[in-house]
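Chain by chain, the residues:
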Amino acid sequence: MIDFMFMLFAGITVLGALVMAFHESIVHSAFALVAALFGVAGLYWTLGADFLGGLQLLLYVGGVTVLLLFAVMLTTRDTMRLSLFRYVLMAPVVGIAGFFVLRAYNGVEAAIAATGHVPGDPQPTTQAIGEMFLAPDGYLLPFQTVAVLLLLVLIGAVTVARRGQETTP
Amino acid sequence: MNLLAVAAEPGAVSGSLSSYLIVSAILFLLGLATILTRRNVLYVLMGTELILNAANLNFVAFTRFGGYELDGQMMALVVVMLAAAEAAVALAIVLRIFHDFGSIDMTRTDSLRD
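Residues numbered from 1 in each chain as written. Chains lettered and ligands numbered in written order. Predicted model: local features only at pLDDT ≥ 70, side-chain atom pairs only at ≥ 80, totals over all residues. Heavy atoms only, no water.

1. What to know about the domain arrangement of chain A
How large an interface is tends to be reported as the accessible area lost when its parts come together. In terms of domain boundaries, chain A breaks down into domain 1 (1-82), domain 2 (83-117) and domain 3 (125-169). For domain 2 of chain A versus domain 3 of chain A, the distance between C-alpha centres works out to 33 Å. (Domains from an automatic or database assignment.)

2. Quick look at the packing of helix 3 (residues 50-75) of chain A against helix 4 (residues 71-101) of chain B
Interhelical geometry of helix 3 of chain A versus helix 4 of chain B gives an angle of 10° and a closest axis separation of 10 Å. Between helix 3 of chain A and helix 4 of chain B, the angle is such that the two are roughly parallel. A class-by-class count of the residues in the contact of helix 3 of chain A with helix 4 of chain B yields 22 nonpolar, 3 polar and no charged. (Axes fitted to C-alpha atoms, helices over the stretch in contact; angles between N-to-C directions. Helix = DSSP H or I, 4+ residues; strand = E, 2+ residues; numbered from the N terminus. Parallel < 35°, antiparallel > 145°, perpendicular 65-115°, else oblique. Nonpolar A, V, L, I, M, F, W, Y, C, P; charged D, E, K, R; others polar.)

3. A word on the confidence of the model for chain B
Residues and elements named next belong to chain B. Here chain B shows a mean pLDDT of 83. Residues at 70 or above account for 85%. Segment residues 7-14 is flagged for pLDDT under 50; beyond a separation of four residues in sequence, or across chains, it makes 7 contacts in the model. Here the prediction assigns the complex a pTM of 0.86, and the interface score ipTM is 0.87. (pLDDT = per-residue confidence, 0-100. Contact = heavy atoms within 4.5 Å.)

4. Topic: the side chain of Asn56(B)
Here Asn56(B) shows up in helix 3 (residues 41-66). Residues within four places of Asn56(B) in sequence aside, it is in contact with Tyr44(A), Ala76(B), Val79(B) and Val80(B).

5. A look at the nonpolar core
Ranked by size, the top nonpolar core spans 67 residues in total, and within it Leu43(A), Leu52(A), Phe133(A), Leu42(B), Met46(B) and Leu50(B) carry the most contacts. If you list the elements that add at least two residues to this core, you get helix 1 (2-22), helix 2 (26-46), helix 3, helix 4 (84-115) and helix 5 (126-134) of chain A together with helix 2 (17-37), helix 3 and helix 4 of chain B. Looking at this core element by element, the count peaks at 13 residues for helix 4 of chain B. Those residues in contact with Leu50(B) that sit more than four places away from it in its chain are Ala17(A), Met20(A), Leu33(A), Ala36(A), Leu27(B), Leu30(B) and Gly31(B). One finds Tyr87(A), Ala97(A), Leu32(B) and Ala33(B) within the second-largest nonpolar core, a separate group that totals 6 residues. (Core = buried A, V, L, I, M, F, W, Y, C linked by side-chain atoms within 4.5 Å. Buried < 20%, exposed > 50% of the residue type's maximum accessible area, 1.4 Å probe, protein only.)

This is the structure in structure tokens:
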């Protein structure tokens, strides 16, 4: 069962990412990104990360992509054609990067296999995550830092987006 | 186990660590390809999101298969929150760039002031 779910969500993820990377229209790409991020949320669920999957749905699928779509529709006026030249240029770079990524993953995978850990049944994670975020010897500092950062980002984003519009009546 | 051998043999891909790593590698490489081939700033942002998701998928997969309690998931949670913040600021900047330059072509945005 988990294999079927894995194949399903992995397929959604990879297809979405492929369409996003190579489609001509940016609106189509943005919607394909929604599919890819949804697939990643599903993969989190198959990994037993229920809370993280939900957060991925809320923040990425619901939030970031809506922002992206707004920006796409507010700014894109002319279509920038894909140039074949750039693809020819980037293919070896991506190939080399892929080689090193797979090599690194092989090393990490060997290290993890050496721990000999066998994953058990997934447990609900929400309560444990909440307790870890509020434990002083856990993740309290990152939690507070992110809270302050989010406030700064809110103010900063509004300031950056508004400036200059005061000069135009 | 060699990842390439796993990828070539469909029967071996079944909810193991390697299968998640392969998906993550594909996500990373497609994100990289997007960033390298497009001139539109928004595409670069989307490629960044893909790469962040690839890293997050790794964190969660390592947590599950390496038995690291919840530490990887906590990392992934913080990354998701930071990615949301990054997207908000980046899109505000994109709107400013569009306002100032009349285009969001990366190759044409070459100054920070008028």
